[in-house]
There are 2 protein chains.
Amino acid sequence: MNRILLESHEVADDGTALLRGPRAHHVRSVLRARPGARLRVGVVNGPAGEGTVRSTTDAQVLLDCVFSSDSAPDMEPLDLLLALPRPKVLRRLVPQLAALGVRHIFLTNAWRVEKNYFDTHVLEEPRLREGLIEGLSQAGTTRLPEISIHRHLRRLLEDELDGALPAPTARLLAHPAAPVRLGRWIPAAARALIAVGPEGGWIDREVTLFKKHGFQGVSIGSRILRSDTVCLALLAVLREIFPSGMAGGE
Amino acid sequence: MNRILLESHEVADDGTALLRGPRAHHVRSVLRARPGARLRVGVVNGPAGEGTVRSTTDAQVLLDCVFSSDSAPDMEPLDLLLALPRPKVLRRLVPQLAALGVRHIFLTNAWRVEKNYFDTHVLEEPRLREGLIEGLSQAGTTRLPEISIHRHLRRLLEDELDGALPAPTARLLAHPAAPVRLGRWIPAAARALIAVGPEGGWIDREVTLFKKHGFQGVSIGSRILRSDTVCLALLAVLREIFPSGMAGGE
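Reference entry: report on the structure contained in this document.

Rules used throughout
Residues numbered from 1 in each chain as written. Chains lettered and ligands numbered in written order. Predicted model: local features only at pLDDT ≥ 70, side-chain atom pairs only at ≥ 80, totals over all residues. Heavy atoms only, no water. Axes fitted to C-alpha atoms, helices over the stretch in contact; angles between N-to-C directions. Helix = DSSP H or I, 4+ residues; strand = E, 2+ residues; numbered from the N terminus. Parallel < 35°, antiparallel > 145°, perpendicular 65-115°, else oblique. Contact = heavy atoms within 4.5 Å. Least-squares fit on C-alpha atoms with pLDDT ≥ 70 in both. Buried < 20%, exposed > 50% of the residue type's maximum accessible area, 1.4 Å probe, protein only. Polar contact = N/O pair within 3.5 Å; in protein donor to acceptor, adjacent residues only side chain to side chain. Salt bridge = Lys/Arg side-chain N within 4 Å of Asp/Glu carboxyl O. Buried area = accessible area lost by both parts, 1.4 Å probe. Nonpolar A, V, L, I, M, F, W, Y, C, P; charged D, E, K, R; others polar.

## Observations regarding the packing of helix α2 (residues 87-100) of chain A against helix α6 (residues 227-241) of chain A
Residue and element names in this part refer to chain A.
Okay, so step 1: Close contact between α2 and α6 brings their axes to 10 Å; oriented N to C, the two are set at 10°. Considered as vectors, α2 and α6 are oriented roughly parallel to each other. Across the interface between the two elements, Val 89, Arg 92, Leu 93, Gln 96, Leu 97 and Leu 100 from α2 touch Ser 227, Asp 228, Cys 231, Leu 232, Leu 235 and Arg 239 from α6.

## What about the relation of the copies chain A and chain B?
Okay, so step 1: If you rotate chain A by 180° and push it 0.0 Å along the axis, it lands on chain B with an RMSD of 0.0 Å. The two molecules are tied by a two-fold rotation axis, judged by turn and shift.
Okay, so step 2: Looking at the interface residues of chain A, 100% of them are also at the interface in chain B, so both copies use one shared face.

## What about the side chain of B:Gln96?
Okay, so step 1: Mapped onto the fold, B:Gln96 is located in helix α2 (residues 87-100).
Okay, so step 2: Relative accessible area serves as the criterion here: at 5%, B:Gln96 is assigned to the buried category.
Okay, so step 3: One polar contact links B:Gln96 to A:Thr229, side chain to side chain, over a distance of 2.8 Å.
Okay, so step 4: With near-sequence residues (within four places) excluded, B:Gln96 lies in contact with A:Arg226, A:Asp228, A:Thr229 and B:Leu232.

## Considerations on the pattern of salt bridges
Okay, so step 1: A complete count under the given rule lists 26 salt bridges over all chains for this structure.
Okay, so step 2: Here A:Arg92 makes a salt bridge to A:Asp228, at a shortest N to O gap of 3.3 Å. Of this pair, A:Arg92 sits in helix α2 while A:Asp228 sits in helix α6; the two residues are 136 residues apart in sequence, bridging distant segments of the chain.
Okay, so step 3: Using a relative accessible area of 3% as the deciding quantity, one classes A:Asp228 as buried.
Okay, so step 4: Several salt bridges converge on common partners, so that one network encompasses A:Glu76, A:Arg239 and B:Arg223.

## Section: the interface of chain A and chain B
Okay, so step 1: Facing the 39 residues of chain A at the interface are 39 residues of chain B.
Okay, so step 2: When chain A packs against chain B, close to 3100 Å² is buried across both sides, 50% of that on carbon and sulfur atoms.
Okay, so step 3: Joining chain A to chain B, the criterion identifies four salt bridges.
Okay, so step 4: Close ionic contact of B:Glu240 with A:Arg181 constitutes a salt bridge, the shortest N to O distance being 3.0 Å.
Okay, so step 5: At the boundary of chain A with chain B, the tally comes to 21 residue pairs in polar contact (both at pLDDT 80 or more).
Okay, so step 6: Counting residues per element, the ones that place at least two in the side of chain A that touches chain B are α2, α3 (125-139) and α6 of chain A.
Okay, so step 7: Of the residues belonging to the side of chain A that touches chain B, the class tally is 16 nonpolar, 11 polar and 12 charged.

Below you can see the structure in the form of structure tokens.
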């Protein structure tokens, strides 16, 4: 944890916050923080700041928090549309996507997505939120990505996507056979959404549908990468195309 | 498995290869290949080709292989110097590094590497090879990255690195505070080595040592990423800076 994340209701009006459970354990046993130690803290979807350890007991840690206009990195101008991967892959990927600063994660059905992937408890809101907060704590930031779940790709593209994204968002479709190499792609907007297919790829009909809705095919080479690897790779490259500074950025 | 990898001793002079164990299971149960089906095959560190299923039984699959000048992606002109991560992270990372086409992986000690990480069975040669081959199978390629293990960072930098790399290799040190953003970096060589620190980072003395040995600091932003995430992110960006086509490339 490079920043201790607090829910807003956990911070009292006087700035104190009482940690129990895994965060208290982390502060005491991993950081070995004693009274007087200063830690980076932040409120989920709120400000970042500094917490001074006032006291610790076996089970809890009391912090005095001060939230200033801190230097926590803002989100990146990047959105991900991802064919729902296997639950195990998704669980591993969610914290990493949050750490990388993705804004909106659209999880969608597709022809080659196994239908029972939608039944996993990994998709339950508390689990997703837990994974996202793990990623924010790692990256030292506070803004929670939005995740939405879509059981119909066509409906997502035809009815839901326009409303969920600000208008000038470049739309990209990752495809090993696409002629445009992502590293050479020149964006015409200040924000990008990238669509990543299931293991086995999108079917032709889906590719046609994406193109009809303004998606441009891009490639990062002919290697066939696991869907979690490819998400991280694409987002890493896009972060360099849309480099954001500290704070600001929206 | 997007390519069935064979050891050279497994391919008979007439091109037949007999699969048992996990690969036979994969061909029969995942690919559901019947006699006559054609599969992508390849020899570890050798040519890629096509295998036609001649027969299957409960436990084995017999392939007739033809190795032509195939289109398997070559390795990328990229090397990784990585402070040895936790065994669990390393095990997960090795196949992904192979899939991304890294040439040489230098695993090294550093001040903030826990010494017992070197005792893990994950570092045993057969385990490493197994992980690398998993990544090659995923990516559809055949060239095995080299992995070397270094218990002394200073000795690696002072005595071992020059001999292990061809001379014109750009040397980069990943560091969140570095002033040069990797996406804007202009290489002066056709090949790059990137050094990635342990959780908690390199200590100042190590950074000084890297700089003395020609490493330039680069950053992909102020987020603190897990060491596996940061490796994949850095390599993904470098692959776009050094894009390789199909085949050739050395």
